[in-house]
Amino acid sequence: MSSAIETVVSDLRAIFALRLHSVVVYGRHALGPAPGAPVHTLARVTELGMADLEACARRARGWQRNDVAVPILMAQDEFARALDAFPMEFGAILAGYRVVFGPDPFEGLSVQPSDLRRACEVEARGYLIHLREGFIESGGEPSAVARLVSASAPALRTLLLNLARLDGMSEASSSEYATARLGATHGRSMAAVVALLENHVSSTDAARSFSDYVAAAEALVAYVDHWTART
């Protein structure tokens, strides 16, 4: 373990003692050292009270100085019971984590496809609404539309990656997924999306292609709305 991770584990053991069940590292550091990236941890404890939060708060500045994000603290089966509420966020943790203290707290856990589908639909519909509202607010002014498209690209990339997980294509990039799943039926709009995601779009092209981005968002909404598990 890195010294930063060792420090977090040591601090949590001092605070919770025998109540500390396990600690995992997730995110980029789960695969090994990732210089420049904050360390993300999650701790499962048997009991969590206000005094514990206060003890953690006293150590927060030290963690932050060492590029350690504030640990997620969850009591008993709280993580398992929250999987249906946070299928994307907690699913991402399940997809890549490393146990650094205690037994594996996630053994046997998985995200239900129906929960992930519902979360993807919320995300897709929100993205489409955002595009429509943003265009109206821009007054149709090309430079403002281009800024809207650029600012919305990270949300689109995240949506596509989550849909890829839903379809069992978690190894695919956002561009690969867009092409594979919807390229045949929505070629023009998906081509515009791929160009945007791969940073091959000028400000002028982004404004001119706005209708394609909206069409792509509509296609994604329709896809996830009618999604069924593939056998």
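A short tour of the structure in this document, coming up. If you're wondering where the values come from, they're calculated on a predicted model, not measured in any experiment. (Residues numbered from 1 in each chain as written. Predicted model: local features only at pLDDT ≥ 70, side-chain atom pairs only at ≥ 80, totals over all residues. Heavy atoms only, no water.)

**Things to note about the packing of aromatic side chains**
Here the structure, examined in full by the defined rule, presents five aromatic pairs. Summarising the aromatic geometry, the rings of F79 and F90 are spaced 4.5 Å apart at their centres and angled 20° between planes, so their arrangement reads as stacked. Of the two residues, F79 sits in helix 3 (residues 78–82) while F90 sits in helix 4 (residues 87–95), which places them eleven residues apart along the sequence. A ring pair is formed by F135 and F210, whose centres lie 4.9 Å apart and whose planes are at 20°; its orientation type is stacked. Of this pair, F135 sits in helix 5 (residues 113–138) while F210 sits in helix 10 (residues 210–225); the two residues are 75 residues apart in sequence, bridging distant segments of the chain. (Phe/Tyr/Trp six-rings, centres within 6.5 Å; stacked < 30°, edge-to-face > 60°. Helix = DSSP H or I, 4+ residues; strand = E, 2+ residues; numbered from the N terminus.)

**A closer look at the side chain of T41**
In this fold, T41 is placed in strand 2 (residues 40–45). Residue T41 is classed as buried on the basis of its relative accessible area of 2%. The residues contacting T41, other than those within four sequence positions of it, are V8, V23, V24, V25, Y26, P71 and I72. (Buried < 20%, exposed > 50% of the residue type's maximum accessible area, 1.4 Å probe, protein only. Contact = heavy atoms within 4.5 Å.)

**So, the packing of helix 5 against helix 10**
Contact geometry of helix 5 with helix 10 gives a least axis separation of 9 Å together with a crossing angle of 155°. Taken together, helix 5 and helix 10 sit at an angle that is classed as roughly antiparallel. Considering the relative orientation of helix 5 and helix 10, their crossing is left-handed. Residues R117, C120, E121, A124, R125, Y127, L128, L131, R132 and F135 of helix 5 form the contact with helix 10, whose own contacting residues are F210, Y213, V214, A217, E218, V221, V224 and D225. Of the residues in the contact of helix 5 with helix 10, the class split is twelve nonpolar, no polar and six charged. (Axes fitted to C-alpha atoms, helices over the stretch in contact; angles between N-to-C directions. Parallel < 35°, antiparallel > 145°, perpendicular 65-115°, else oblique. Left-handed = near helix turned anticlockwise from the far one by under 90°. Nonpolar A, V, L, I, M, F, W, Y, C, P; charged D, E, K, R; others polar.)

**Regarding the packing of helix 6 (residues 142–166) against helix 7 (residues 174–182)**
Contact pair helix 6 / helix 7: the axes reach a minimum separation of 9 Å and the direction vectors enclose 65°. In the crossing of helix 6 with helix 7, the sense of the turn from one axis to the other is left-handed. Contacts between helix 6 and helix 7 involve R157, L160, L161, L163 and A164 from the first element and S174, Y177 and A178 from the second. Taken together, the residues of the contact of helix 6 with helix 7 break down into six nonpolar, one polar and one charged.

**Some points on the pairing of strand 1 (residues 20–26)**
Burial of strand 1 is extensive: six of the seven residues sit out of reach of the surface. Of the strand pairs in this sheet, strand 1 and strand 2 are connected by six bridges, and their pairing is antiparallel. Bridge pairing links L20 to V45 in strand 2. Bridge count for strand 1 against strand 4 (residues 97–101) is four bridges, and the pairing is antiparallel. Along strand 4, the bridge assignment pairs Y26 with Y97. (Pairing = 2+ DSSP bridges.)

**Some points on the layout of surface pockets**
Over the atoms, a rolling probe the size of a water molecule traces out where space has been left empty. Considering only enclosed or pocket space, the largest pocket measures out at about 380 Å³ in volume. Where the lining of the largest pocket is concerned, the elements lending two or more residues are helix 4 and helix 6. The residue inventory of the lining of the largest pocket, partitioned by class, reads five nonpolar, three polar and two charged. In this structure, the second largest pocket spans a volume of roughly 200 Å³. Lining the second largest pocket are Y26, G27, R28, A30, L31, A37, P38, H40, A92, I93, A95 and G96. It is helix 4 that contributes the most residues to the lining of the second largest pocket, three residues altogether. (1 Å grid on protein atoms, 1.4 Å probe; cavity = no way out; pocket = protein on both sides within 12 Å on 5 of 7 lines; lining within 4 Å. Points joined across faces, edges and corners; volume = space filled by probe spheres on them.)

**Overview of the sheet that holds strand 4**
The mixed open sheet is built from four strands, whose spatial order is 3-2-1-4. Looking at which strands have only one partner, the edges of the open sheet turn out to be strand 3 (72–75) and strand 4. Strand-to-strand twist across the sheet, computed as the mean angle between neighbouring axes with direction ignored, equals 25°. Packing of helix 4 onto the sheet brings it into contact with strand 1, strand 2, strand 3 and strand 4, and relative to strand 4 it is tilted by some 75°.

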